[in-house]
Amino acid sequence: MDTPPNWPGPQAGEIFLEPPELEGYLGLWLKVDRVLRQEKTKYQELTVIEAGPLGRLLLLDGSIQVSQFDEPAYHEMLVHVPLLTHPQPKEVLIVGGGDGGSLREVLKHPSVEKAVVCEIDGQVIEASREFLPGLASSFDDPRAEVHLGDGVKYVAASKGEFDVILVDSSDPEGPAQALFSLGFYEDLRQALRPGGIVVSQSESFYLYSPLIEKLFGFLPDIFDLALYYMAMVPTYLSGVIGFSFCSLGPDPLKPPDPGRVAALGQLDYYTPALHQAAFQLPARWLRRLPKSVALRQGLTE
Ligand code: SAM
């Protein structure tokens, strides 16, 4: 397709720089083979590109959301860690997640009866259906329900409804900003059934340390258990992404049931050993978490 004039996004044949972080000093470049879609939705700039061995990538406001190269690492760790920690997840809510990758992984769990995706931007779902069918064909499963709207409002209106809630959000700017607030997490707790679990995309400690410290300033007060874990995702700037694990009881540091893991079929990234290892954090990050949290995640001093 032709690139609209003055469009700030990537163009075919170019090396595209993802918006840099760390005061503009650290960026990520990609060589672009083809631009498959570029459009301004009501909420954000949406781009789909193709880049050699990375396959197709979906970008929102210039930031990589998924690449076919490494998306299983993000989706499997966001989904299987909480779903295998919960004794029997039946009703699951995904806030954001319009590419369908998290939904695909949730639906691998035989206990799941209903999975609701609350995505603010219907054009993300449309673009993923067209260009990323390996993720978005999950929307055709009869257990899947799509609600187009703001996840903040949807969660505030849900009381005691979900066993697991996954916040599969973009970076804390634009429509996703409210998904990192105290009020949203208070509402998430109310939306859980007894013994429920929330896991949220919580960025890389290398890049977003103040944000993660802010989150862990209130998460341990709202939930019975709040921990941070991570996964290696090379197409995210800094190569890692983190998640907040918040629960009303179930403990992710206990080994998952081998039979339930086997029922998921062959996976790309998740293993039971990685599930537990993902909670072991580097010393410099442990020092930035509340001591009660850090002591469970490897702090020895
Ligand atoms: N894996 C991704 C990452 O961390 O980069 C997240 C991917 S997913 C495409 C993020 C989705 O969250 C986007 O489609 C965006 O439209 C959606 N989103 C952002 N704010 C939202 C809100 N307030 N309510 C519901 N969905 C929201």
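Our subject is the structure that appears above.
None of these values were measured; they are calculated from a predicted model. All residue numbers refer to position in the chain's written sequence, counted from 1. In view of the model being predicted, local features appear only for residues whose pLDDT reaches at least 70, and side-chain atom pairs are presented and counted only at 80 or more, with totals across whole chains, interfaces and linings using the full set of residues. Excluding hydrogens and water, the side-chain figures rest on all heavy atoms present in the structure.

Chemist: Outline helix α7 (residues 205-222), listing residues and values.
Modeler: By definition, any uninterrupted DSSP run of H or I lasting at least four residues is a helix, any uninterrupted run of E lasting at least two residues is a strand, and each is numbered from the N terminus. Given the number of residues in a helix, its expected span is that number minus one, multiplied by 1.5 Å. Helix length check: α7, at 18 residues, gives a terminal C-alpha distance of 21 Å against a target of 26 Å (1.5 Å per residue), a shortfall beyond 12%. For a residue, the bend is simply the angle between two axes, fitted respectively to the seven-residue segment ending there and the seven-residue segment starting there. The principal kink in α7, of about 45°, is found at L211. Note on classification: 1.4 Å probe, protein chains only; a residue is buried when its accessible area is under 20% of the maximum for its type, exposed when over 50%, partly exposed between these limits. For α7, the full list of buried residues reads F205, L207, Y208, S209, L211, I212, L215, F216, F218, L219 and I222.

Chemist: I'd love a proper account of empty space enclosed by the protein, names of residues and values included.
Modeler: A probe matching the size of a water molecule, rolled over the atoms, marks out where space remains unfilled. With a 1 Å grid laid over protein atoms only, a set of points is called a cavity when a 1.4 Å probe fits there but cannot get out and a pocket when it is open yet has protein on both sides within 12 Å along at least five of seven lines; lining residues have an atom within 4 Å of a point. Grid points are joined across faces, edges and corners, and a volume is the space filled by probe spheres set on the points. For the structure shown, the criterion picks out two cavities of 30 Å³ or more. Estimated volume of the largest cavity: approximately 500 Å³. As for the largest cavity, its lining consists of 40 residues, of which Q65, S169, S170, D171 and Q201 are closest to the centre. Contributing elements (two or more residues each) for the lining of the largest cavity: β1 (15-21), β5 (56-60), β6 (63-67), α1 (71-85), β7 (91-96), β8 (114-119), α7 and β13 (240-247). The residue makeup of the lining of the largest cavity, split by class, is 19 nonpolar, 13 polar and eight charged. Its boundaries defined by the atoms lining it, the second largest cavity holds a volume of some 30 Å³. Lining of the second largest cavity is provided by Q65, V66, S67, D70, E71, Y74, H75, V233, T235 and Y236. Broken down by secondary-structure element, the contributors of at least two residues to the lining of the second largest cavity are β6 and α1. Polar here means any residue outside two lists: the nonpolar Ala, Val, Leu, Ile, Met, Phe, Trp, Tyr, Cys and Pro, and the charged Asp, Glu, Lys and Arg; Gly therefore counts as polar.

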